[in-house]
Amino acid sequence: MSELTPKIKKPRGVARLLDGKCIACGARCQSSCPVNCIEMTETGEPIVETVKCIGCQKCIKICPSDALEMFFTAEEQQILADLAALAVPVPEEVDPEATALAKKLAEYRGVWVFIEQTEGEPARVSWELLGVGAGLAATLGVELCAIVIGEKVEHLCHEAFAYGATKAYLMDAPVYYHYRTEAYVEACCHLIDTYKPEVILMGATGMGRDLAGAIATRVGTGLTADCTGLSIDDKRNLMQTRPAFGGNIMATIMCDKYRPQMSTVRPNVMPMTDRREGAVGTIIRDPFIVAEESVLTKVIEIIRDGHGKSAVDITGAEFIVSGGRGMMGPENFAMLKELADELGGVVGASRSAVDSGWMPGDRQVGQTGKTVRPKIYIACGISGAIQHLVGMQDSDMVIAINRDSSAPIFEVATYGIVGDLFQIVPAITSKIREMKQHN
Ligand SMILES: Cc1cc2nc3c(=O)[nH]c(=O)nc-3n(C[C@H](O)[C@H](O)[C@H](O)COP(=O)(O)OP(=O)(O)OC[C@H]3O[C@@H](n4cnc5c(N)ncnc54)[C@H](O)[C@@H]3O)c2cc1C
Ligand code: SF4
Ligand code: SF4
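**Some words on the sheet that holds strand 13 (residues 238-244)**
Right, on to step 1. One open sheet holds the three strands; their spatial order is 12-13-14, and the pairing between them is antiparallel. Only two strands of the sheet have a single neighbouring strand rather than two, namely strand 12 (229-232) and strand 14 (249-253). Between one strand axis and the next, the sheet turns through 25° on average, direction left out of account.
Right, on to step 2. When strand 12 meets strand 13, the two strands line up antiparallel, connected through four bridges. For Ser-231, the partnering residue across the bridge sits in strand 13 and is Met-239.

Here it is in C-alpha cells:
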C-alpha cells in the first residue's frame, strides 16, 4: 500500500573543499552561493559553513579547478544506495533560477555591428567587424545586422550588405547628423529594447568606446573593451579574448548572465573582409527620434586627424618603419624617415621612444598606442615587449633589426637582422635607391 510507504527524501549533501585544488580564482564559489554560507580565508580559499549549506551545487559548477565536491554522511550514502536499489525514480529538481535565466537569454538573438560614421563617411573598422561578426552569426545560426545611425546615411546600409550584413536597422534624422553621446545612446537603447540582439560589436575608437560604455551601463550588461579574439562557446556565450594584467596574459571574458554581450575591437585587429558588390539585405527603418531639445551637447565643428602639419595616421599605412629606445635620440629618427619615404610609408615608434619625447604619441604602436597591420613592419632597435607585439604582430611581414640576437622581437619576425641599426638602416635605404635607379 503506497500510503504505508514512508516518503524517502533524497539527501542533497553539503559542499566541501578538496585539499590542494583551490587556485584562489577570486571567490567565484562565494559569489555563486545563494545562501551566503561561504567565507574566504586570507589566502583566497573557501570555508563552507555546512549547517547553512542547502546542497545546491552552484559553487561546484562554477569552480574552474574542480576544487569542491559534494559530501554525504555514511547514513546519507546508505539512503542514496537504497534509493538506487529500489530504482525509486527521483525526479531531477528543476532550478527555477536557471530556468528563468535560460528563458531571458533566449529572447535575445542576432549579431549586430555598429556602423561608425562621421558626416556620412564610414570608419573602416565597421567593415572589419562585419567580417568577424559573420563568423559569429554563422556559428549561432542567426542574422548579421548593421546599426546605421545618422542623417542621410542609407547608403551605409547598402555598404554594410556588401560587407556581409543581411539586415540593417536604420535611424535617419537630423538629430543624428553629428555623433553625440546622449542621442546615440537613446537611439541604440531603443533598438536593443525593441529587437533584442545577442551580441553587439563596436570599434574601439573614440566614438565606439564612448558609446559602448554608456549603452552597457544603461542596459545593465557587460562590456569587454579592446578584444583581440572573439568566438562562441557551446552555450552560445561570446568568448571575448583580450590582453590583461598589462598585456602579460590573455584573458577570455564571458558575460553569461546578461544580454546583449558587448565588445569593442580596435581598428586593424580583425582582418578586412571581402566586399561583395551588389549584395542585398533588408532595411528596417526605425522612426524613433530623440528630441533635439533633450540633447545638451552641440557640435560646433569637426576637426579631423591629419589636418595638422605633423599628424600621420599610422593605422592605415602599408609600410611602417618603427624605432625604439635603440635609436638613442630623436635626431636619429631622420634615418628611419628616409627609409620610410623610399618605401612610401611612415615612421612609427615604441612607447619608450614616445615616452622619451623622441616621437609624438600618435606614432606609438602597441597596447596603449595604435594597432597596425601594414604589408611590411620594420622594427629598428625595438626589443619586442608583449605590449609592443600586440600592436604589430599581425603585419603581413615583420623585419626586425636588433643587435641582441635573443630579443623577443625576433620571435614574431619574418626576417631578422642581428646587428647595428646605424649601419643596417642606411645600407637598406641606399640599396632601395640603387634598385629604383636601375628600374
Ligand atoms: C600597461 C603597459 C602598456 C604598454 N604599452 C606599450 C605600447 O603601446 N607600445 C610599446 O611599444 N610599449 C608599451 N609598453 C612598454 C613595453 O613594456 C616596453 O617597455 C617597450 O615596448 C620597450 O620599448 P623598446 O623596445 O623601444 O625599448 P627596449 O626594451 O629598451 O629595447 C631597445 C632595444 O634596442 C636594441 N638596440 C639598442 N641599440 C641598438 C643598435 N645600435 N642596433 C640595433 N639594436 C639596438 C636593444 O638590443 C634592445 O633590444 C607598455 C607597458 C605597459 C606596462
Ligand atoms: S552547495 Fe550551494 S549552498 Fe552549499 S556552499 Fe555551495 S553554493 Fe552554497
Ligand atoms: S571557485 Fe574554486 S578555485 Fe575559486 S576560490 Fe572557490 S574553490 Fe577556489
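**A short note on helix 9 (residues 333-343)**
Along an α-helix, residues three or four positions apart point the same way, because every turn accommodates 3.6 residues.
Right, on to step 1. Taken together, the buried positions of helix 9 are Phe-333, Met-335, Leu-336, Leu-339, Ala-340 and Glu-342.
Right, on to step 2. Buried-residue contacts for helix 9 involve strand 17 (319-323), strand 18 (346-349), helix 10 (351-355), strand 19 (376-380) and helix 12 (421-438).
Right, on to step 3. Downstream of helix 9 by one or two residues, Gly-344 has phi in the positive range, about 75°.

**Some thoughts on the layout of surface pockets**
Right, on to step 1. For the second largest pocket, the calculated volume is near 1,200 Å³.
Right, on to step 2. Lining the second largest pocket are 24 residues, with Ile-62, Leu-101, Lys-235, Asp-256 and Lys-257 sitting closest to its centre.
Right, on to step 3. For the lining of the second largest pocket, the secondary-structure elements that each account for two or more residues are helix 1 (28-32), helix 2 (58-62) and helix 4 (96-106).
Right, on to step 4. Ranked by the residues each element gives to the lining of the second largest pocket, the list is headed by helix 4, at six residues.
Right, on to step 5. Partitioning the lining of the second largest pocket into residue classes produces seven nonpolar, three polar and 14 charged.

About the criteria used
Residues numbered from 1 in each chain as written. Chains lettered and ligands numbered in written order. Predicted model: local features only at pLDDT ≥ 70, side-chain atom pairs only at ≥ 80, totals over all residues. Heavy atoms only, no water. Pairing = 2+ DSSP bridges. Helix = DSSP H or I, 4+ residues; strand = E, 2+ residues; numbered from the N terminus. Axes fitted to C-alpha atoms, helices over the stretch in contact; angles between N-to-C directions. Buried < 20%, exposed > 50% of the residue type's maximum accessible area, 1.4 Å probe, protein only. Contact = heavy atoms within 4.5 Å. 1 Å grid on protein atoms, 1.4 Å probe; cavity = no way out; pocket = protein on both sides within 12 Å on 5 of 7 lines; lining within 4 Å. Points joined across faces, edges and corners; volume = space filled by probe spheres on them. Nonpolar A, V, L, I, M, F, W, Y, C, P; charged D, E, K, R; others polar.

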